[in-house]
Amino acid sequence: KAEAFAGLVFLDAVPDLWRAHYGNNPLLLAGVALVPLGMWRAWLNPRLRPLSVWALLYLTGYTILNTSFFWYYTPLLVVLLVLGVIGAAWLLSHIKARGLRRFAVTAAMLALAIVSGLGLARATDYSEAPPRMTTYRLVGEWIAAHTEPDATVVVADLGVTGFYAQRRILDS
């Protein structure tokens, strides 16, 4: 049983990633609630249907691959954001049809201001580079000083290391 469900690692990491990046912003949960509505609306529109299909296939694929590195969530997050906007647009059109347009626009602008403000406040948590970046820089500088300029090096985390190494770097 444990092996059969090993692929759920991709889904299991979502709550921790949410808390780490968006946990201070409870209004974003309202945006999450708009995603299923957007998926439904996109499914009904043949030109937008690929968004819903892609999101489901991506989620299924990475769940099967049994990976949870944060960068694998970014493409999915972008598509879910678009689907949330589609859901919000449909919801606003229904509110407008009922004569509540002014209230809806005011509420949406207030929510956007709060979400943006909380997001900017959260960004200050990332104003300093994590301590490991110093190590990556030192490793990159060591590689630059101790290898030939045409050398190829394999490293686990290539971003900062590769920048300072100035060598052909392969991601392990």
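Rules behind the numbers
Counting restarts for each chain, with residues numbered from 1 along the sequence as it is written. Reporting in this predicted model follows two pLDDT cut-offs: at least 70 for local features of residues, and 80 or more for side-chain atom pairs to be given and counted; totals over whole chains, interfaces and linings ignore these cut-offs and use all residues. The side-chain numbers reported here are obtained from all heavy atoms of the structure, hydrogens and water having been left aside. As a per-residue measure, pLDDT reflects the predictor's confidence and takes values from 0 up to 100. Numbering goes from the N terminus for both helices and strands, where a helix is a DSSP run of H or I of at least four residues and a strand is a run of E of at least two. What makes a patch is a set of residues exposed beyond 30% relative accessible area and free of salt bridges, joined within 9 Å when like-charged and within 5 Å when nonpolar (Val, Leu, Ile, Met, Phe, Trp, Tyr). Shrake-Rupley sampling with a 1.4 Å probe provides the accessible areas, and residues are treated as covered by the protein chains on show and by no other component. In the sections that follow, a salt bridge refers to a side-chain nitrogen of Lys or Arg positioned within 4 Å of a carboxyl oxygen of Asp or Glu. Polar contacts, as used here, are pairs of N or O atoms within 3.5 Å; protein pairs need one atom able to donate a hydrogen and one able to accept it. Residues neighboring in sequence count only if both atoms are side-chain atoms. Side-chain rings of Phe, Tyr and Trp (the six-membered ring for Trp) are treated as a pair once their centres are within 6.5 Å; stacked means planes under 30 degrees apart, edge-to-face means over 60, and tilted covers the remaining angles. A 1.4 Å probe rolled over the protein chains alone gives each residue an accessible area, and that area as a share of the maximum for its type sets the label: buried under 20%, exposed over 50%, partly exposed in between. Two conditions define a charge sitting above a ring: the NZ of Lys or the CZ of Arg must be within 6 Å of the ring centre, and it must be within 35 degrees of the ring normal. A helix is expected to span 1.5 Å for every residue after the first. Two axes enter the bend calculation: one fitted to the seven residues ending at the residue in question, the other to the seven starting there, and the bend is the angle between them. Working rule for contacts: check all heavy atoms of both residues, and any pair within 4.5 Å makes them a contact. What we call a nonpolar core is a set of buried Ala, Val, Leu, Ile, Met, Phe, Trp, Tyr and Cys residues that are connected through their side-chain atoms within 4.5 Å. All tallies of charge rest on Lys and Arg as positive and Asp and Glu as negative; His and the ends of each chain are not included.

A word on the confidence of the model for the protein chain. Averaged over the protein chain, the pLDDT score is 81; the fraction of residues at 70 or greater is 90%. In the model of the protein chain, helix α2 (residues 14-22) stands out as the element of lowest mean pLDDT, 72, in contrast to helix α7 (residues 132-146), which has the highest, 90.

Glancing now at a nonpolar patch on the surface. Residues Trp40, Trp43, Leu44, Val53 and Leu57 make up a contiguous nonpolar surface patch of roughly 500 Å² in combined accessible area. When residues of the nonpolar patch are traced back to their parent elements, those giving at least two are α3 (28-44) and α4 (49-65). For the nonpolar patch, the leading source of residues is α3, giving three residues. In this fold, Val53 is placed in helix α4.

Bringing the side chain of Thr63 into the picture now. Tracing the backbone through its elements, the reader meets Thr63 in helix α4. Looking at Thr63, its side chain comes within polar contact range of the main-chain oxygen of Leu59, at 2.6 Å.

Tallying each qualifying case throughout the model produces five aromatic pairs. An angle of 90° between the planes, with centres 5.1 Å apart, marks the rings of Phe163 and Tyr164 as edge-to-face. For Phe163, a relative accessible area of 55% corresponds to the exposed category. Using a relative accessible area of 31% as the deciding quantity, one classes Tyr164 as partly exposed. The structure contains a cluster of three or more aromatic residues connected by ring pairs, namely Trp54, Tyr58, Tyr62 and Tyr72. Here Arg41 stacks its cationic end above the ring of Trp40, 4.9 Å away from the centre of that ring. The cationic tip of Arg49 hangs over the ring face of Trp43; the distance from NZ or CZ to the ring centre is 5.0 Å.

Moving on: unusual backbone geometry. Not every positive phi belongs to a glycine, and Gln166 is a case in point at roughly 50°. Inspection of the secondary structure assignment puts Gln166 in the loop between α8 (158-165) and β2 (168-171).

Before going further, it helps to examine the pattern of salt bridges. Counting across every chain of the model gives one salt bridge. Glu141 serves as the salt-bridge partner of Arg137, at 2.9 Å between the closest nitrogen and oxygen. On the criterion of helical spacing, the pair formed by Arg137 and Glu141 is a turn pair, its members being four residues apart in helix α7. Classification of Glu141 by relative accessible area gives partly exposed; the value is 31%.

Compared with the 24 Å implied by 1.5 Å per residue over 17 residues, the 25 Å span of α3 between its first and last C-alpha is a close match. Its maximal kink placed at Pro36, α3 deviates by approximately 25°. Within the span of α3, buried status applies to Val35, Leu37, Gly38, Met39 and Ala42. Looking at the buried positions of α3, the neighbouring elements they touch are α4 and α5 (74-97).

Glancing now at the nonpolar core. Phe10, Met39, Ala55, Tyr58, Leu76 and Leu83 are the most contacted members of the largest nonpolar core, which totals 13 residues. Those elements that place two or more of their residues in this core are α3, α4 and α5. Not counting chain neighbours up to four residues away, the residues in contact with Ala55 comprise Met39, Leu76, Val79, Leu80 and Leu83.

Here the focus is the side chain of Arg167. Secondary-structure assignment places Arg167 in the loop between α8 and β2. Here Arg167 is buried and forms no salt bridge, its nearest opposite-charge partner Asp150 lying at an N-O distance of 7.0 Å. A polar contact is formed between the side chain of Arg167 and the side chain of Thr147, at a distance of 3.0 Å. Among the polar contacts made by the side chain of Arg167, one reaches the main-chain carbonyl oxygen of Glu148 at a distance of 2.8 Å.

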